[in-house]
Amino acid sequence: MNLRSAASHVVHRWGRRSPILLLLLLAWAETRPLAAQIPDAGGATRVAELLRGLDGVKRVLMIGAHPDDEDTSLLAALARGQGVEAAYLALTRGEGGQNLIGPELFEGLGVVRTGELLAARELDGAHQFFTRAFDFGFSKSADEALALWPREKLLADVVWVVRTYRPQVIVSVFTGTPADGHGQHQAAGIMAQEAFVAAADPQRFPEQLQLGARPWQASKLYGGVWRNPEGASVTVATGVIDPLSGRSYYQIAMASRSQHRSQDMGVAQILGPSESGLALMNQAAGVEVGSTLFAGVDTALVSLADASRMSGEGAAHLRAYRQGVQAAEDALRPEEPSQALPGLLAAVRHLELARAAASSGSALSDELAFRSGRLDEAALAAAGVVVDARSSRDRLVPGETFRVDLEVWNGGAWTATGVAPEIELPEGARARPVVPPPPPRRFGPPEADAARGERTLGDWSSRARGEARTLAAGAFERWSFEIELPSDAPFSRLYYLERPRTGAMYQWPDDPQEWGSPRNREAFPVDVPLTFTAGDETAAVRWKGAVQYRGVNPARGEQREPVLILPAVSVALDPGVLVWPLDRRDPRTVQVTLESHAPDVQDGTVRLELPAGWTAEPESWPYRLERTGSRASFAFEVVPPAAIREGEQTIHAFATASDGRAFAEAVTLVDYEHIRRNVLLRPSDAILRTFPVKVAQGLTVGYVMGTGDSGPAAIRELGIEPHLITTDDLAAGDLGRFDVIVLGVRAYEARPDLVQYNESVLDFVRRGGVLISQYNQYDYTRPGIAPYPVQISRPHDRVTDETAAVRLLQPDHPLVATPNRIGPSDFEGWVQERGLYFLGEWDDHWTPLLEMADPGEEPKQGSLLVSRVGEGLYVYTGLAFFRQLPAGVPGAYRLLANLISVRPNLVP
């Protein structure tokens with residue numbers, strides 16, 4: 001069951017009036033797998049898991065800075081083991097890191113890591129929240145981090161989550177001191193401590209109270225003791241076998257952590273006892289500390305009822321609800337989960353009556369509404385109900401008509417009545433019921449749109465609701481609709497990317513219903529009411545999910561994808577950065593690639609919009625795309641003006657359809673097997689950077705790909721076509737055809753074959769070649785990798801201030817003097833950082849060429865070094881070329897051109 005969509009449905013109905021309830025429901029929804037889950041009934045294990053959290057109110061919020069900062073062991077032990085509502089608030093989505101599995105960086109990497117956090121939460125059972133903070137890269141102090149993240153705005157975001165999620169216990173991963181290392185870690189620790197106090201103060205961020213939030217005083221604030229385990233005041237056992245899964249919570253947590261594939265975070269699921277320790281940092285007045293996490297904290301639902309002065313009749317229903325939950329626990333049998341249904345239905349009925357008696361908008365009302373969704377899922381899992389809502393297409397375009405098939409299978413022992421599925425439609429959409437397609441085949445691919453064009457069962461309507469039916473035990477029913485999207489249907493653009501970033505902060509939308517949530521609401525939420533009678537109990541429950549797409553991969557079987565609304569035509573311009581030397585007059589080729597996301601023919605013309613004086617040959621191309629997935633590429637020769645002006649300009653690509661529609665966005669599907677598919681929409685633009693740069697001609701350059709590496713594209717921009725070196729090339733040892741070999745970022749980590757055949761690479765240098773090694777991590781210092789001994793400090797030397805002054809130690813050295821004389825201006829306009837993993841120690845074979853430092857630190861000379869090896873040259877650089885080159889930084893291109901152009905005979 002897709003539970004995030006359930007929250008989406010409630011968002012639609014309740015979000016404006018109850019942001020607290022909204023965030024609670026969103027948090028609950030993130031516990032279960034998202035839209036890519038194959039439907040199932042849940043079974044006895046899911047019923048037992050949900051029952052753990054249906055009595056009492058226990059909520060913990062963990063606060064850290066990045067994806068992977070969280071204590072997954074603690075989250076798993078609390079959420080899976082104790083039925084605690086546990087959540088992780090990451091200040092950022094990890095955009096400033098590197099990507100070991102693909103090309104995405106910055107916002108794109110944030111999309112990947114958001115998906116990885118959600119994949120992790122699916123396993124450890126916790127929920128996920130974010131602030132507006134953009135990960136701008138490594139910082140060395142909290143002052144630096146909070147200079148880029150406006151302190152009050154960041155604190156407001158953390159306070160909003162605290163006030164709306166309402167944890168009794170807050171766990172700060174970090175201490176807020178220099179002991180945390182990374183400045184963003186320090187900032188997270190500071191924010192957690194300040195939010196503990198500020199969230200309870202109605203004078204702080206009063207605008208949040210106008211939006212429906214209420215001041216909230218958490219009972220305790222704990223800090224992680226991962227650097228000082230002896231300082232723990234509370235420990236939670238995590239190396240304990242979960243009887244429902246058969247694994248320890250620590251093992252579950254390590255499976256969760258291994259979802260962070262873009263960060264190279266795969267770990268073993270180690271057996272045996274383990275624990276997470278926490279140290280008390282603060283507490284509310286009058287709260288006893290105790291030796292357990294919730295000691296001294298009143299977690300009983302009846303206490304909320306007393307606090308809200310609930311009527312005696314309402315309190316009686318609340319007690320009856322708890323008795324129903326207990327009866328379900330007592331009756332649950334692994335081989336026959338339906339035995340728990342009578343107790344669950346009793347709990348459902350009394351919970352609704354208790355909700356009716358609770359004051360609207362009160363903490364108790366929100367808590368009971370939150371439990372209603374969880375209780376419904378438990379009842380449906382016990383009843384053996386499976387619901388599936390499938391779209392005929394995974395990629396939709398505005399104005400399209402598509403089909404949705406809804407299936408409800410009552411696989412249990414009790415009859416369901418009043419089953420009437422409803423799909424929530426986007427504004428302006430309309431639907432009509434149609435004859436369902438024939439039953440799916442037992443083998444072979446599923447039907448996609450087999451019944452299109454068959455008899456309709458009703459007229460077009462703004463509502464997609466099926467007629468009510470009764471499903472006896474074992475019955476299977478289908479409903480089908482044709483849905484027509486409006487021509488102005490909004491695209492599936494991530495909500496936090498709808499507006500341009502302000503510095504290192506995203507902009508939230510005006511509507512607070514999405515603030516802090518991981519991703520957008522589902523495009524087509526589904527609501528299926530069912531009424532069961534089991535024994536003496538009758539109650540109505542609701543299945544809430546979302547329409548998704550089902551496909552079949554012949555090698556892997558069934559696969560599920562979320563339904564996305566996209567432009568009919570994607571327009572991608574390559575290269576994204578066009579480097580143009582001032583003395584270059586010959587035309588350059590740029591390529592525009594169109595891809596259709598529409599099911600029917602798309603035709604029109606594609607053209608470029610160029611800066612004044614620049615022209616393109618031809619002016620336009622006609623295009624025709626036959627169906628979804630059709631692609632076509634068009635080459636334009638860009639011709640410069642007679643006089644080229646130094647600076648930065650923009651080239652735009654756009655397609656105009658024959659019916660007048662205009663397309664000017666590139667659609668990138670972020671699609672990895674371990675995370676849910678998502679989409680990035682970006683303008684179809686390229687940066688045109690014109691500046692003086694020269695590179696030696698006639699060179700043959702080989703490139704060993706690293707991680708998240710755009711080096712080959714940058715070398716291509718300098719007018720050289722690099723050859724990507726394969727394992728066979730390395731194994732053969734025939735590298736003499738190259739003048740230069742460039743090793744990509746962390747190549748020795750990404751390419752085990754490079755380690756295996758490293759002697760061939762060193763032989764290439766000894767025979768007169770030039771090798772340029774971009775930064776590597778600590779494995780680089782192992783004997784046999786570098787040509788001469790080197791060391792990397794722990795923590796590694798890096799310069800995070802991208803404006804830090806750079807001094808040339810040997811201004812006339814060929815690497816910095818020819819063919820481009822490097823000077824201070826070449827270090828202007830750098831992004832995020834100067835570099836990382838600088839060499840910390842080296843012997844006399846190495847010659848350092850640059851010196852730089854972050855403010856207040858000792859100068860570092862390990863960013864660019866060269867050594868003579870035999871007849872050739874070996875260069876190591878920790879400069880962050882992998883960030884500068886995609887950004888089109890002129891000085892980075894000029895320095896790279898020098899490194900490639902240098903000939904060993906020119907270096908003394």
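Residues numbered from 1 in each chain as written. Predicted model: local features only at pLDDT ≥ 70, side-chain atom pairs only at ≥ 80, totals over all residues. Heavy atoms only, no water.

### So, the overall build of the chain
Our working definition: Counting from the N terminus, the helices are the DSSP runs of H or I reaching at least four residues and the strands are the DSSP runs of E reaching at least two. Note that the radius of gyration is over C-alpha atoms, with the globule rule given as 2.2 Å times the number of residues to the power 0.38. Here's how the labels work: a residue is buried when its accessible area is under 20% of the maximum for its type, exposed when over 50%, partly exposed in between, all with a 1.4 Å probe on protein chains only. Note on definitions: a residue-residue contact is assigned when non-hydrogen atoms from the two residues lie within 4.5 Å. Throughout, the Shrake-Rupley method with a 1.4 Å probe supplies accessible areas, and for residues the shown protein chains are the sole cover considered. Positive charge is attributed to Lys and Arg, negative charge to Asp and Glu, and no charge count is given to His or to the chain ends. All charge positions are set by atom: Lys at NZ, Arg at CZ, Asp at CG, Glu at CD.
Helix and strand counts for the chain stand at 22 helices and 46 strands. Scaling as 2.2 N^0.38, a compact globule of 908 residues should have a C-alpha radius of gyration of about 29 Å, and the chain matches this with 30 Å. Considering only C-alpha atoms, the chain reaches an extent of 95 × 70 × 55 Å along its principal axes. A total of 908 residues make up the chain; the buried ones form 59% of that total. Considering only contacts in the chain between residues 6 or more positions apart, those separated by 24 or more positions represent 76%. Carbon and sulfur atoms make up 50% of the accessible area of the chain, which amounts to about 34,300 Å² in all. Side-chain charges in the chain split into 89 positive and 113 negative, and the spacing between the mean points of these groups amounts to 3 Å.

### Quick word on the pairing of strand 45 (residues 864-869)
Note the following rule: Pairing between strands requires that DSSP locate at least two bridges from one strand to the other.
Strand 45 sits mainly inside the fold: 5 of its 6 residues count as buried. Note: strand 43 (residues 846-848) against strand 45, 3 bridges, orientation antiparallel. Opposite P848, over in strand 45, you have L865 as the bridge partner. The sheet contact formed by strand 45 and strand 46 (residues 872-877) spans 6 bridges and is antiparallel. Opposite L864, over in strand 46, you have T877 as the bridge partner.

### Concerning the packing of helix 7 (residues 151-165) against helix 8 (residues 183-198)
Here is the rule: Axis angles are defined between N-to-C directions and span 0 to 180 degrees, where every axis is a line fitted to C-alpha atoms and, for a helix, only to the segment in contact. Roughly parallel refers to an angle under 35 degrees, roughly antiparallel to one over 145, roughly perpendicular to one between 65 and 115, and oblique to any angle outside these ranges. Helix crossings fall into two classes, left-handed where the near helix is turned counterclockwise from the far one by less than a right angle and right-handed where it is turned clockwise.
Helix 8 packs onto helix 7 with a crossing angle of 60° between their chain directions and a minimal axis gap of 9 Å. As judged from the angle between their axes, helix 7 and helix 8 are oblique. Relative to helix 8, helix 7 is oriented so that their crossing is right-handed. Where helix 7 abuts helix 8, its residues R151, L154, L155, V158, V159, V162 and R163 lie against I190, M191, E194, A195 and A198.

### Thoughts on the packing of aromatic side chains
Stated precisely, the cut-off is as follows: Under the pairing criterion, centres of Phe, Tyr and Trp rings, with the six-membered ring standing for Trp, must be within 6.5 Å; the plane angle then separates stacked pairs below 30 degrees from edge-to-face pairs above 60, leaving the rest tilted. The rule is short: NZ of Lys or CZ of Arg within 6 Å of the ring centre and within 35 degrees of the ring normal puts a charge over the ring.
Following the criterion strictly, the structure yields 18 aromatic pairs and no others. Note on W846 and Y874: the rings are 5.8 Å apart at their centroids and 90° apart in plane angle, and the pair reads as edge-to-face. Placement of the pair is W846 in strand 43 and Y874 in strand 46, with a sequence separation of 28 residues. Across this residue pair, the class does not change: W846 and Y874 are buried. One aromatic cluster is present, formed by F134, Y495, Y496, Y506 and W508 through successive ring pairs. The lysine or arginine in question, R59, covers the ring of Y165, its NZ or CZ lying 5.4 Å from the ring centre. Cation over ring: R588 sits above W580, and NZ or CZ is 5.4 Å from the ring centre.

### Let's talk about the environment of F205
Here F205 shows up in the loop between helix 8 and helix 9 (206-210). Since its relative accessible area comes to 8%, F205 is described here as buried. Here the alpha-carbon distance between F205 and L155, two residues 50 residues apart in the chain, equals 9.4 Å. Apart from residues lying up to four places away in sequence, F205 is in contact with E152, L155, A156, V159 and R163.

### Quick look at the sheet that holds strand 34 (residues 701-704)
With respect to topology, 7 strands assemble into an open sheet ordered 35-34-36-37-46-45-43, the strand pairing being mixed. Looking at which strands have only one partner, the edges of the open sheet turn out to be strand 35 (723-724) and strand 43. Contacts from helix 19 (residues 758-766) reach strand 36 (740-743), strand 37 (770-774), strand 45 and strand 46, with the element oriented near 125° to strand 46. Across the sheet, helix 22 (residues 890-901) touches strand 34, strand 36, strand 37, strand 45 and strand 46, and the angle it forms with strand 37 is around 140°.

### Quick look at the sheet that holds strand 16 (residues 476-484)
Strand order in the open sheet formed by 6 strands is 13-16-10-8-19-20, and the pairing between neighbours is mixed. Only two strands of the sheet have a single partner each, and these edge strands are strand 13 (430-434) and strand 20 (557-562). When the angles between neighbouring strand axes are averaged without regard to direction, this sheet yields 35°. Pairing analysis gives 5 bridges linking strand 13 to strand 16, with the strands arranged antiparallel. Within the sheet, the bridge partner assigned to R432 lies in strand 16 and is E482.

### What to know about helix 22
Using the following cut-off: Given a helix with a known number of residues, its expected span is that number minus one, times 1.5 Å.
The end-to-end C-alpha distance of helix 22, which contains 12 residues, comes to 16 Å, matching closely the 16 Å that a straight helix rising 1.5 Å per residue would cover. Counting buried positions along helix 22 yields 11 of 12 residues, so the element is predominantly enclosed. Taken together, the buried positions of helix 22 are occupied by G891, A892, Y893, R894, L895, L896, A897, N898, L899, I900 and S901.

### Structural notes on the pattern of salt bridges
The line we're drawing: A carboxyl oxygen of Asp or Glu within 4 Å of a side-chain nitrogen of Lys or Arg is what we treat as a salt bridge.
Under the defined criterion, the tally for this structure stands at 66 salt bridges. Within the structure, one salt-bridge network assembled from shared partners comprises D394, R395, E561, E595, R631, D671 and R677.

### Topic: the environment of R455
If you trace the backbone, R455 turns up in the loop between strand 13 and strand 14 (464-465). Owing to a relative accessible area of 58%, R455 belongs among the exposed residues under this scheme. Along the chain, R455 and D201 lie 254 residues apart, while their C-alpha atoms are 62 Å from each other. Ignoring any residue separated from it by four or fewer positions in sequence, one finds R455 in contact with V434 and V435.

### Focus on the side chain of S276
Here is the rule: Contacts described as polar in this section are N or O atom pairs within 3.5 Å, which, within protein, must combine one atom able to donate a hydrogen with one able to accept it, while residues neighboring in sequence count only if both atoms come from side chains.
Examined against the element boundaries, S276 turns out to sit in strand 7 (residues 275-283). Relative accessible area serves as the criterion here: at 6%, S276 is assigned to the buried category. Side chain to side chain, S276 and D71 meet in a polar contact 2.9 Å long. Setting aside chain neighbours within four positions, we find S276 in contact with D71, S73, L74, V234, T235, V236 and T238.

### A closer look at unusual backbone geometry
Of the consecutive residues E617 and P618, the connecting peptide bond is found in the cis state with omega at -10°. Tracing the sequence through the fold places P618 in the loop between strand 26 (615-617) and strand 27 (620-625). The omega torsion across R794 and P795 is -5°, close enough to zero to call that bond cis. Among the secondary structure elements, P795 is positioned in the loop between strand 38 (790-791) and strand 39 (797-799). The backbone phi angle of R746 is positive, close to 50°, even though this residue is not glycine. Inspection of the secondary structure assignment puts R746 in the loop between strand 36 and helix 17 (747-750). Note on R746: relative accessible area 8%, which makes it buried.

### A short note on helix 4 (residues 72-82)
Across the 11 residues that make up helix 4, a large majority, 9, are buried. The set of residues buried in helix 4 consists of T72, S73, L74, L75, A76, A77, L78, A79 and R80. If you check the start of helix 4, you find a side-chain oxygen 3.2 Å away from the backbone N of S73, and it comes from D71.

### Thoughts on the packing of helix 12 (residues 312-331) against helix 13 (residues 341-357)
Contact geometry for helix 12 and helix 13: axes closest at 7 Å, N-to-C directions at 160°. What the angle tells us is that helix 12 and helix 13 run roughly antiparallel. Of the two elements, helix 12 crosses helix 13, and the hand of that crossing is left-handed. Taken together, the residues of helix 13 that come into contact with helix 12 (itself represented by G314, H317, L318, A320, Y321, G324, V325, A327 and A328) are G343, L344, A347, H350, L351, L353, A354 and A357.

### As for the confidence of the model for the chain
Formally: Residue-level confidence of the predictor is what pLDDT reports, using numbers from 0 through 100.
In the predicted model, the chain carries a mean pLDDT of 90, and 94% of its residues have values of at least 70. Within the chain, the element-level pLDDT minimum falls on helix 1 (residues 3-14), averaging 34, and the maximum on strand 36, averaging 98. Counting interchain partners and residues more than four positions distant, the pLDDT-below-50 stretch residues 28-35 has 44 contacts. In this model, residues 449-453 is a region of pLDDT below 50 whose contacts with residues beyond four sequence positions or in other chains number 14 contacts.

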